[in-house]
Every structure is written in C-alpha cells, then in structure tokens.
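# Coordinate inspection notes
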Amino acid sequence: MSAAGPSQGARPPGGERREATLGGNHTTAAEPPQGARPPGGERREATLGGNHAIEAQIDLPPAMTGLALAIAVALWWVGSSRLALDHGTDAARGAADALKTLWLVRGMALAMLSVRAGALYGWRRGAKGGLGLISLSWPVVALAWSASAASLTLVVLAELLLLAGSAALPLIGLFLRRWLRRVDFAVMAGTAVGTALAAALWVASGSTYMPLP
Amino acid sequence: MLRGLWPLGLALCAVTDAIAQPRIDLAATPAWNGWTRPGRATEVDVRLSADIATRATLDVVAGRQVVRAELDLAPGRIVRLQVPIDSSEEVAVSAGSPVAPPQRRDVRIAQSESPLLGVGIVTGDPVYLEGFHTVRLVADDLPRNASAYASVDALILDAPTLGALDRRQLGALLAHAAECGRIVLLNPDPGVRHVLDGMGGCGGRAVMGAATLADAKEMLKSSLATSFAPAISLVNIRELAQPGRVTWNRVLVLVAAYFAIAGLALMLVRSVPVLLLVPALATVAILVLLHAMQPPTQLVVWSEGESGAQFARYQAWQLFPGLVRGHTRVPVLPQLASARTCEPGQPMRFDFDADRGRLAFADFDTRLFRQVSLCYSGMVPLERVIAIEARPDALLNVRNAGRTAWPSGLLLAGGLAHDVPALGPGDSTIIRTERGKQRRDAPARMAMERTQADRVAALWESDPGDAADVTTERKEWLLLTAPRP
C-alpha cells in the first residue's frame, strides 16, 4: 500500500520512479499528491507517463502469475495422466479435473488482481493484466480438453467468461477509485472486493448449478 | 369439373405409393435360449425378408455397442444373420429402408450370476449340476460365432443334437473346443469324436466323451476340479504391449516447449499483443501437431498350445492410441477371428459384412491418452513338437521333434528361463538347468504364470513378418507346453 512506500511526491534516490507491481508496494509517484485534484475535481486514470518499459513491467506480474499457474496445473495433469496410463485407468477424469482447476484458479486470481489493478492503474492496464493472466493457459486448456470428455462449447464458454471477467473486473476497481477519490482507499476496497469475488467463486464451484467444464 | 378430379388423383397417387412401399418382416432370436452371463459375449439370430426388392439397414443395439449391416433384400428370400453382441439385458433390433417404415424387435437376454450349463439332449432328461444354472438347448440355440460360446461355462451335447448342427455351428463348436471349452459328448458318432479330440485344446482334457448322462455329470465335476488356462486379461496385455508412452512423451515435450517459449517471450518481448499471440499460436500449433503425429496401432498376439497338438489357441489385442478428440473408423483384421470390443463399456459401432458373416469395420470416438482396443480370439495350426529328456547332472536334452525349424527362444523350467538356440527338424540341444536366469520381462512372466507346475514350456517371440504394414506395430508370442521329464 502506498502508506508503506515513500511519502507522497517523494522520489527514490536518483530521482527515478520505482517500479510499480500489483503484488508488492505500489508507488503513487505517477499520481497527483493525495488530496490534490485535477481541474474539475476529477481524478484521472494513472497512465504512468507513457513510459512503455514501466508499462510492460506492470503487465509482467499477472502474466508471470498466469504462466506459473499454467505450469503448476500442467505438471499435475501430465503426472496424473502418466499414472492413469500406467494403471490402465481412464485419463479423462484427470483431464476434466485439470480443466476445472485451471478455470477456477484463473478465475479467482483474476478476481483478486483485476479489481485491484483497475483501482490502481485504470481499466486499460487492468484488462491487459487480466488477459496476460488467463491467456497463457490456453495451450494447456486445449490439451486437457483433448484428453477429457468435456464439451467443447462449455470449455469455450468458460474461456469467454474469463475474457469477459478480465474486461469487466477492472471497471469495478475504476469505479471504486472514482467513488472513493483516494487511491489507497480504492486499492484496499478493490482488494476486499476481489477477495470476496474469489471466495464467492470458490464457494460456487462446489455447487451443482455451476456448469464448470 | 376438373377441380373435382384433383382429390381423386391425389388419392390414387397415395394408394399407388402405399402399394409400392415394401413391407419388411423382422424376427430376432437370442442364442443359448436367451441366456448369457454378465459381461460375456453372445449372439442374436436375425431373420429379414421383404415382399419386394429393397435395400435395408439393420441395427442391433446391445448396451453401448451397435452392429450395423446394409442388406439387399429380394422378394421371397429370407436373409439370416447371426450377429455377435456384447452381453446386455435388452437388445434392440431394428430394420428400415428409405421407402419402408422401420421395424423394431426387442430381445430380452437373461443374465445368470451362476455358471451356465448348456444341455443339448433330445431325451429331455433332467440335468442338475451343483452351482450351475442349466439351460435346455435345441440345435438351433447353439451359436454360429465362436465368441458367443463365452456365454456358457460347460456343455453337454448328445449325438442327435451334434448331428443337427449346421457347418457354421460346427465350426464355432470346434473353435470353442480348441479354446479349452468344457464339452461332454454323449455317445457321439466316432467320426465327430475323433475330430473334436484332435481339435480340443489343453491337451484334449476339455473335450470328454460319456456313455450316460450320469457319467457326463461326473466327468464335468472332475473336470471342474482342474483349472484350464484362463483367458488373458487386458491388464496383462498392457504389460505385454507397453503402450501409451509415445503419446505421453510427445505431449510432455509439447508442453515443455510451449512453456519455454512463453517464458522467453515474457522475459524478452513484454508486449501485450505478443503475450496474447504466443499462447493463441501455441494452442493452434499443438492441436495441429497432435493431428499430424498419429502413432502406429499396436497388435499383440499371444498363442499357446501343447506340444504335438494340431492347433494352438490365440488371443489378440489391437490397440489404438488416441491423440485427439475425434472419430475413428478402422478395419477389423480379417485374418483374426471373433473380433469384439475388449471393454464392454466402450461405445463402439461395428459394420457387419452380411456376405461374409463377420464384422468388417469398427467406429469409435477417440481422445488424447485414451487407448481403445479390439479383442480377437481363435485357433491357429500348430506344427511344433518339443521333446525333452532328463539327463544326469541336471541336464535337459531339448529336441525339435517336429517337421519345421524353430527360431531361437526360451525354455521355462523350474521357474528359470534358459536360452534355446534355433533348431532344425530333428536337431537337439543340451540345457543346464542350474544355469537358468530369472527373467523379469513381461512375456517371460506371463509364460511362467500360464505354465502349470508339472510342465515345462518353450516361448518364442514370433517374427512380425508382414513388415510392409508400417501403421501397425506387431508383437507375437507362442507358448508351447510339454510334460516335465
């Protein structure tokens, strides 16, 4: 949180901006000082000054998270498939579990990261981060679907739902920021909302009415 | 005036159309008088006829298996088909043509939890064998497909019933005898007895002759005390075939390559469009590669017989490794008999060749890592004779007493495996019994398991022969047993 970072308006040694990350300390260096407002009293979305290198580094953590999730699930699925082949059992159940896990884990991560990212960096950066988070699992989803008995329509719909979530969730963060008018409050509220959404998704995943792939 | 003629014309057209429609007659009767055992194969005898020439499609649905046949029906001719099916309590038989209304008959097949004793005797004397459920049979109740003999565990047939069997029924009965089916012949014709004795597997111990029904029951009782070599399970076959690793390895390489590329792209490019493009392209590439690299089908054939017997029985498994979600149509191997699906729960559609009376093609769904298999069983002529003599100092003299040469193989005696060189007719070799090896490979283990303690066995891995068929990987073994000297 910004409270843990340097004071508002201060610069790190050398006058350089600190890298902003979604998971660690967030600099508000690109933001106007707390309490200050642009003309008209409205807070603008943080653009990070159009510095592409820094923008890319902001996109990197969600993408790295997405890659790590994909690797973890892929390792588990490939291992369980090997066990199923060795024991002559059906590998489709493991593949279906992998599909469900990938969807659920990405959905929960998306909820937790995108609302917060929307509050911090605005809709565009939040949506980009969400896309990076979910897209890196697509090859694993394709392979697991090939090995499962899940319907293609359901899997595609599930991916479309995640894509829709990556576009919609940052809007919640953006709304919180505009409503609360302070970034640190907005980030805290965004984190709380994201966590609540992730928990709701987790609870709903156990429901028989949740048509997971 | 003309307006009034329209309805009349239409009515005439309808009547003409109705007259031109063929009427298909359909009848279906299960083998074994409608009895089988759960999970065992059986057969349905279907009779079809039509009053005018027409092309008809016959569908026999048993559980998750469908057998389809395309038939040309001629007026006044009854087409009769014996369709092998999986065990199922209800079998739906339907026939239809584009111009005739479909006909459907539901056949109920009783599933006995107790072993089944089939009794085909004309006298009608009551037969009771403890623990068995007795099924009374007439000649027409016996099947024409050898695989349908899996439904019964023992059989008593008298001479009139044997004499009433047609050529296909006799062929199936002989195949059943070669596969160690327990059969007691009641006062058989000497010629028939001689033929069945020659064909009988398991050293002819499974085919017995009796003078009276009481003798027949006693013989069956004493025979049941001996266990003949049971059918090989699919689990054991997987050990022989060692399947599945090629596909799994390829998938592992694809996944690892993708993650390496994605990781590098994240580190080096860091552009959102590229980050989206890499997984999208990788997904397409992986699906295309899976379609392109179809691994070969595996065929595993395990034959076993007794030294000096005329026939060896075989079991064969054709394994189709799955790579992608899709539908596959494969020809059923014509050189192997009694084709069927190895797993009754596996949905499969067979095309039945009505002219040849056998299954011709199999259709089934595939997916990654799923291995669908077809099972075959039957008998092959056996020309190998092995003569073993014990010599002093723990030596065995192994001689090729047959008319054909042997390739090199293994001699299994006393729980140890000994290498046997290739031997021509009449050639012999000396084996030192204490120099045997503990072989732990799947074929040697299987051979040991299937050799009784009072016998020795020779195991040969056959030359695949038909190497031109690159789409099939063949593995064949022949196990020949002989009495321990």
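Here's what I pulled together on the structure shown here. The structure displayed is predicted, hence computed values, not measured ones.

What follows covers the state of the cysteines. Residue and element names in this part refer to chain B. Inspection of the entire model under this criterion finds one disulfide over all chains. Across a sulfur-sulfur distance of 2.0 Å, C342 and C375 are joined as a disulfide pair. Classification of the bridge connecting C342 and C375 rests on its S-S torsion, roughly 125 degrees, and on that basis the disulfide is right-handed. Of this pair, C342 sits in the loop between strand 18 (340–341) and strand 19 (348–353) while C375 sits in strand 21 (residues 371–381), and the two are 33 residues apart along the sequence. Taking the relative accessible area as the measure of exposure, C342 reaches 17% and is therefore buried.

Adjacent strands of a sheet pair through backbone hydrogen bonds, lying either parallel or antiparallel. All names here are of chain B. Across the sheet, five strands lie side by side as 11-10-12-13-14; this open sheet has parallel pairing. One side of each edge strand has no neighbouring strand; the edge strands of this open sheet are strand 11 (133–136) and strand 14 (207–210). Going from strand to strand, the sheet's axes swing by 20 degrees on average, the running direction of each strand aside. Alignment of strand 10 (residues 116–120) against strand 12 (residues 154–158), held across four bridges, turns out to be parallel. Paired with V119 across the two strands is I156, which belongs to strand 12. Relative to strand 13 (residues 183–186), helix 3 (residues 167–178) is tilted by about 125 degrees, and along the sheet it contacts strand 12, strand 13 and strand 14.

A few words now on the packing of helix 2 (residues 92–121) of chain A against helix 3 (residues 123–135) of chain A. Residues and elements named next belong to chain A. Where helix 2 meets helix 3, the axes come as close as 7 Å, and the angle between the chain directions of the two elements is 160 degrees. With respect to helix 3, the axis of helix 2 lies roughly antiparallel. Judged by the sense of rotation from one axis to the other, the crossing of helix 2 with helix 3 is right-handed. For the pair helix 2 and helix 3, the contacting residues are R106, A109, L110, L113, S114, A117, G118 and Y121 in the first and W123, R125, G126, G130, L133 and I134 in the second. Tallied by class, the residues present in the contact of helix 2 with helix 3 amount to eight nonpolar, four polar and two charged.

This part covers the environment of F364 of chain B. Residue and element names in this part refer to chain B. Within the element layout of this structure, F364 appears in strand 20 (residues 358–366). The class of F364 is buried, set by a relative accessible area of 1%. Taking C-alpha positions, F364 is 9.8 Å from Q65, a pair spaced 299 residues apart along the chain. Other than its neighbours up to four places away in sequence, F364 contacts F320, G326, H327, T328, V330, Q346, P347, M348 and V372.

Cut-off values and rules
Residues numbered from 1 in each chain as written. Chains lettered and ligands numbered in written order. Predicted model: local features only at pLDDT ≥ 70, side-chain atom pairs only at ≥ 80, totals over all residues. Heavy atoms only, no water. Disulfide = S-S within 2.5 Å. Helix = DSSP H or I, 4+ residues; strand = E, 2+ residues; numbered from the N terminus. Buried < 20%, exposed > 50% of the residue type's maximum accessible area, 1.4 Å probe, protein only. Pairing = 2+ DSSP bridges. Axes fitted to C-alpha atoms, helices over the stretch in contact; angles between N-to-C directions. Contact = heavy atoms within 4.5 Å. Parallel < 35°, antiparallel > 145°, perpendicular 65-115°, else oblique. Left-handed = near helix turned anticlockwise from the far one by under 90°. Nonpolar A, V, L, I, M, F, W, Y, C, P; charged D, E, K, R; others polar.

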